[in-house]
Amino acid sequence: MVKAIGQSCDTYFYTLGLAVGPERLAHIASLMGLGVKTGIDLPGEIKGVLPSPKWKRERYRERWYGGDTANMSIGQGYLSATPIQMTLVACAIANNGVIYQPHLVKERRSPDGKILGRVEPKVLRRIHAPVSVWNAVKQGMLAAVYGPGGTARLLADLPIKVAGKTGSSEHRKGAKTHAWFIAFAPADNPQIALCVMVEEAGHGGEVAVPIAKQILQAFASKLQAR
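Residues numbered from 1 in each chain as written. Predicted model: local features only at pLDDT ≥ 70, side-chain atom pairs only at ≥ 80, totals over all residues. Heavy atoms only, no water.

## Some points on unusual backbone geometry
Here comes step 1: A cis amide bond links A185 to the next residue, P186, at an omega of -20 degrees.
Here comes step 2: Structurally, P186 can be placed in the loop between β6 (178–185) and β7 (192–198).
Here comes step 3: The phi angle at S8 is positive, at roughly 55 degrees, despite the residue not being glycine.
Here comes step 4: Within the secondary structure, S8 is located in the loop between α1 (2–7) and α2 (10–20).
Here comes step 5: Phi is positive for E200, which is not a glycine, with a value near 45 degrees.
Here comes step 6: Positionally, E200 belongs in the loop between β7 and α8 (204–225).
Here comes step 7: Looking at E200, the relative accessible area reads 34%, which means it is partly exposed. (Helix = DSSP H or I, 4+ residues; strand = E, 2+ residues; numbered from the N terminus. Buried < 20%, exposed > 50% of the residue type's maximum accessible area, 1.4 Å probe, protein only.)

Below, the structure written as C-alpha coordinates:
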(Lines give C-alpha, C1' and ligand atoms only; values in the text may rest on other atoms or scores of the structure.)
Protein backbone atom coordinates (compact mmCIF):
# COMPACT_ATOMS: atom_id res chain seq x y z
CA MET A 1 0.00 0.00 0.00
CA VAL A 2 2.76 2.45 0.90
CA LYS A 3 4.45 1.98 -2.47
CA ALA A 4 1.13 2.13 -4.32
CA ILE A 5 0.20 5.47 -2.75
CA GLY A 6 3.68 6.86 -3.26
CA GLN A 7 3.87 5.89 -6.92
CA SER A 8 0.13 6.35 -7.62
CA CYS A 9 -0.37 2.79 -8.86
CA ASP A 10 -3.86 2.42 -10.36
CA THR A 11 -3.65 -1.37 -10.65
CA TYR A 12 -3.18 -1.79 -6.91
CA PHE A 13 -6.28 0.24 -6.15
CA TYR A 14 -8.34 -1.46 -8.84
CA THR A 15 -7.59 -4.77 -7.12
CA LEU A 16 -8.15 -3.40 -3.63
CA GLY A 17 -11.41 -1.68 -4.57
CA LEU A 18 -12.84 -4.82 -6.16
CA ALA A 19 -11.96 -6.76 -3.00
CA VAL A 20 -13.58 -4.13 -0.74
CA GLY A 21 -16.72 -3.72 -2.84
CA PRO A 22 -18.68 -0.62 -3.92
CA GLU A 23 -20.93 -0.34 -0.86
CA ARG A 24 -18.02 -0.24 1.58
CA LEU A 25 -16.10 2.12 -0.70
CA ALA A 26 -19.06 4.50 -0.75
CA HIS A 27 -19.50 4.24 3.03
CA ILE A 28 -15.90 5.11 3.82
CA ALA A 29 -15.87 7.89 1.22
CA SER A 30 -18.97 9.40 2.84
CA LEU A 31 -17.26 9.34 6.24
CA MET A 32 -14.35 11.22 4.66
CA GLY A 33 -16.80 13.89 3.49
CA LEU A 34 -17.36 13.05 -0.16
CA GLY A 35 -20.88 13.48 -1.47
CA VAL A 36 -21.85 16.04 1.21
CA LYS A 37 -21.37 19.79 1.51
CA THR A 38 -18.64 20.96 3.89
CA GLY A 39 -20.70 23.95 5.03
CA ILE A 40 -17.96 26.46 4.23
CA ASP A 41 -19.17 30.08 4.41
CA LEU A 42 -19.30 30.61 0.66
CA PRO A 43 -22.42 30.68 -1.55
CA GLY A 44 -23.11 28.04 -4.15
CA GLU A 45 -21.22 25.10 -2.65
CA ILE A 46 -22.08 21.79 -4.31
CA LYS A 47 -21.86 18.34 -2.76
CA GLY A 48 -20.34 16.51 -5.72
CA VAL A 49 -21.33 12.95 -6.57
CA LEU A 50 -20.68 9.86 -4.45
CA PRO A 51 -21.87 6.92 -6.55
CA SER A 52 -23.05 3.53 -5.33
CA PRO A 53 -25.08 0.64 -6.81
CA LYS A 54 -28.24 2.19 -5.33
CA TRP A 55 -27.35 5.62 -6.73
CA LYS A 56 -26.79 4.21 -10.23
CA ARG A 57 -30.09 2.29 -10.18
CA GLU A 58 -31.98 5.41 -9.17
CA ARG A 59 -30.13 7.75 -11.54
CA TYR A 60 -29.69 5.65 -14.68
CA ARG A 61 -31.90 2.58 -14.11
CA GLU A 62 -28.81 0.46 -14.70
CA ARG A 63 -26.96 -2.18 -12.69
CA TRP A 64 -23.53 -1.58 -11.18
CA TYR A 65 -20.57 -3.30 -12.85
CA GLY A 66 -17.11 -4.30 -11.68
CA GLY A 67 -15.69 -1.64 -13.96
CA ASP A 68 -17.67 0.97 -12.02
CA THR A 69 -16.03 -0.23 -8.81
CA ALA A 70 -12.55 -0.15 -10.39
CA ASN A 71 -13.13 3.37 -11.67
CA MET A 72 -14.41 4.57 -8.31
CA SER A 73 -11.38 3.04 -6.58
CA ILE A 74 -9.08 5.54 -8.28
CA GLY A 75 -11.43 8.52 -8.12
CA GLN A 76 -12.76 8.16 -11.66
CA GLY A 77 -16.06 7.15 -13.21
CA TYR A 78 -19.14 8.78 -11.69
CA LEU A 79 -17.29 10.12 -8.64
CA SER A 80 -17.08 13.91 -8.41
CA ALA A 81 -15.40 15.87 -5.60
CA THR A 82 -14.62 19.51 -4.88
CA PRO A 83 -11.22 20.92 -3.88
CA ILE A 84 -12.49 21.86 -0.42
CA GLN A 85 -13.75 18.30 0.12
CA MET A 86 -10.35 16.93 -0.83
CA THR A 87 -8.68 19.40 1.51
CA LEU A 88 -10.76 17.90 4.30
CA VAL A 89 -9.64 14.42 3.22
CA ALA A 90 -6.05 15.59 3.76
CA CYS A 91 -7.14 17.07 7.10
CA ALA A 92 -8.72 13.77 8.16
CA ILE A 93 -5.56 11.80 7.41
CA ALA A 94 -3.32 14.36 9.13
CA ASN A 95 -5.50 14.34 12.27
CA ASN A 96 -6.16 10.59 12.46
CA GLY A 97 -9.80 11.03 11.55
CA VAL A 98 -10.63 14.42 13.06
CA ILE A 99 -12.09 16.83 10.50
CA TYR A 100 -12.58 20.51 11.26
CA GLN A 101 -15.28 22.76 9.86
CA PRO A 102 -13.74 24.91 7.12
CA HIS A 103 -14.29 28.67 7.16
CA LEU A 104 -13.25 31.45 4.81
CA VAL A 105 -13.65 34.17 7.45
CA LYS A 106 -11.72 33.93 10.72
CA GLU A 107 -13.13 37.06 12.36
CA ARG A 108 -15.12 40.24 11.68
CA ARG A 109 -13.90 43.69 12.77
CA SER A 110 -15.42 47.15 12.80
CA PRO A 111 -13.72 50.05 10.95
CA ASP A 112 -11.97 51.03 14.21
CA GLY A 113 -10.59 47.51 14.70
CA LYS A 114 -13.02 46.20 17.31
CA ILE A 115 -13.66 42.48 16.99
CA LEU A 116 -17.35 41.91 16.23
CA GLY A 117 -17.23 38.16 15.91
CA ARG A 118 -14.74 35.33 15.71
CA VAL A 119 -15.03 31.81 14.31
CA GLU A 120 -13.66 29.23 16.75
CA PRO A 121 -12.37 25.84 15.55
CA LYS A 122 -15.18 23.30 15.41
CA VAL A 123 -14.94 19.56 14.83
CA LEU A 124 -17.13 18.62 11.87
CA ARG A 125 -16.83 14.86 12.33
CA ARG A 126 -14.59 12.12 13.70
CA ILE A 127 -13.73 8.95 11.79
CA HIS A 128 -12.92 6.08 14.11
CA ALA A 129 -10.21 3.77 12.79
CA PRO A 130 -7.07 2.18 14.30
CA VAL A 131 -4.02 4.46 14.38
CA SER A 132 -2.22 1.83 12.30
CA VAL A 133 -4.63 2.55 9.42
CA TRP A 134 -3.90 6.28 9.45
CA ASN A 135 -0.18 5.63 9.79
CA ALA A 136 -0.16 3.36 6.73
CA VAL A 137 -1.77 6.08 4.60
CA LYS A 138 0.61 8.70 5.99
CA GLN A 139 3.59 6.51 5.13
CA GLY A 140 2.27 6.23 1.58
CA MET A 141 1.88 9.99 1.31
CA LEU A 142 5.41 10.46 2.62
CA ALA A 143 6.62 7.97 0.01
CA ALA A 144 5.07 10.18 -2.68
CA VAL A 145 7.48 12.94 -1.64
CA TYR A 146 10.54 11.08 -0.38
CA GLY A 147 10.32 7.53 -1.74
CA PRO A 148 11.88 6.16 -4.94
CA GLY A 149 9.54 6.81 -7.85
CA GLY A 150 7.38 9.12 -5.75
CA THR A 151 5.06 11.33 -7.79
CA ALA A 152 5.68 14.45 -5.68
CA ARG A 153 9.45 14.32 -5.22
CA LEU A 154 9.70 17.98 -6.26
CA LEU A 155 8.79 18.78 -2.64
CA ALA A 156 11.58 16.73 -1.08
CA ASP A 157 13.91 19.72 -0.68
CA LEU A 158 11.44 21.87 1.27
CA PRO A 159 12.54 22.82 4.81
CA ILE A 160 9.43 21.15 6.26
CA LYS A 161 8.38 17.53 5.94
CA VAL A 162 5.42 17.09 3.58
CA ALA A 163 2.99 14.21 3.05
CA GLY A 164 1.05 14.32 -0.21
CA LYS A 165 -0.85 12.49 -2.93
CA THR A 166 -1.08 13.36 -6.61
CA GLY A 167 -4.00 12.70 -8.92
CA SER A 168 -4.99 13.15 -12.56
CA SER A 169 -8.71 12.93 -13.28
CA GLU A 170 -10.28 12.37 -16.68
CA HIS A 171 -13.50 14.28 -17.27
CA ARG A 172 -14.26 14.37 -21.01
CA LYS A 173 -12.95 12.57 -24.05
CA GLY A 174 -10.07 14.27 -25.82
CA ALA A 175 -9.36 16.81 -23.05
CA LYS A 176 -6.38 16.94 -20.75
CA THR A 177 -6.90 15.58 -17.25
CA HIS A 178 -7.52 17.79 -14.26
CA ALA A 179 -4.32 17.97 -12.19
CA TRP A 180 -4.81 17.29 -8.46
CA PHE A 181 -2.62 17.32 -5.38
CA ILE A 182 -3.46 17.13 -1.68
CA ALA A 183 -0.98 17.46 1.17
CA PHE A 184 -0.43 18.29 4.81
CA ALA A 185 2.61 19.63 6.64
CA PRO A 186 4.70 19.43 8.71
CA ALA A 187 4.05 15.71 8.42
CA ASP A 188 5.06 14.98 12.04
CA ASN A 189 3.07 17.94 13.46
CA PRO A 190 0.42 18.96 10.91
CA GLN A 191 -0.56 22.62 10.82
CA ILE A 192 -1.68 23.08 7.23
CA ALA A 193 -3.73 20.98 4.81
CA LEU A 194 -4.19 21.91 1.18
CA CYS A 195 -5.57 20.90 -2.18
CA VAL A 196 -4.40 22.19 -5.54
CA MET A 197 -6.58 21.44 -8.58
CA VAL A 198 -5.85 22.82 -12.04
CA GLU A 199 -8.49 22.16 -14.68
CA GLU A 200 -7.47 20.46 -17.93
CA ALA A 201 -3.78 20.91 -17.14
CA GLY A 202 -2.34 17.40 -17.23
CA HIS A 203 -0.77 15.33 -14.45
CA GLY A 204 -0.90 16.28 -10.80
CA GLY A 205 2.81 15.70 -10.27
CA GLU A 206 3.76 17.94 -13.18
CA VAL A 207 1.29 20.81 -12.71
CA ALA A 208 -0.36 20.84 -9.27
CA VAL A 209 2.73 19.91 -7.23
CA PRO A 210 4.82 22.94 -8.36
CA ILE A 211 1.97 25.25 -7.29
CA ALA A 212 1.69 23.46 -3.95
CA LYS A 213 5.45 23.90 -3.51
CA GLN A 214 5.08 27.68 -3.65
CA ILE A 215 2.33 27.56 -1.02
CA LEU A 216 4.29 25.24 1.26
CA GLN A 217 7.48 27.28 0.84
CA ALA A 218 5.62 30.41 1.94
CA PHE A 219 4.15 28.52 4.90
CA ALA A 220 7.60 27.19 5.87
CA SER A 221 8.98 30.74 5.79
CA LYS A 222 6.23 31.85 8.17
CA LEU A 223 7.08 29.02 10.55
CA GLN A 224 10.76 29.94 10.51
CA ALA A 225 9.93 33.59 11.20
CA ARG A 226 8.01 32.80 14.38
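Additional details are given in the paragraphs that follow.
## Comments concerning a nonpolar patch on the surface
Here comes step 1: Together, L42, L104 and V105 make up an exposed nonpolar region whose accessible area comes to about 260 Å².
Here comes step 2: Taking the relative accessible area as the measure of exposure, L42 reaches 42% and is therefore partly exposed. (Patch = residues over 30% accessible without salt bridge, like charges linked within 9 Å, V, L, I, M, F, W, Y side chains within 5 Å. Areas by Shrake-Rupley, 256 points an atom, 1.4 Å probe, with all protein chains shown as cover. Salt bridge = Lys/Arg side-chain N within 4 Å of Asp/Glu carboxyl O.)

## Overview of the side chain of K138
Here comes step 1: Mapped onto the secondary structure, K138 falls in helix α7 (residues 131–146).
Here comes step 2: Polar side-chain contacts of K138 include one of 2.6 Å to the side chain of N96.
Here comes step 3: Not counting residues up to four positions away in its chain, the partners in contact with K138 are I93, A94, N96 and F184. (Polar contact = N/O pair within 3.5 Å; in protein donor to acceptor, adjacent residues only side chain to side chain. Contact = heavy atoms within 4.5 Å.)

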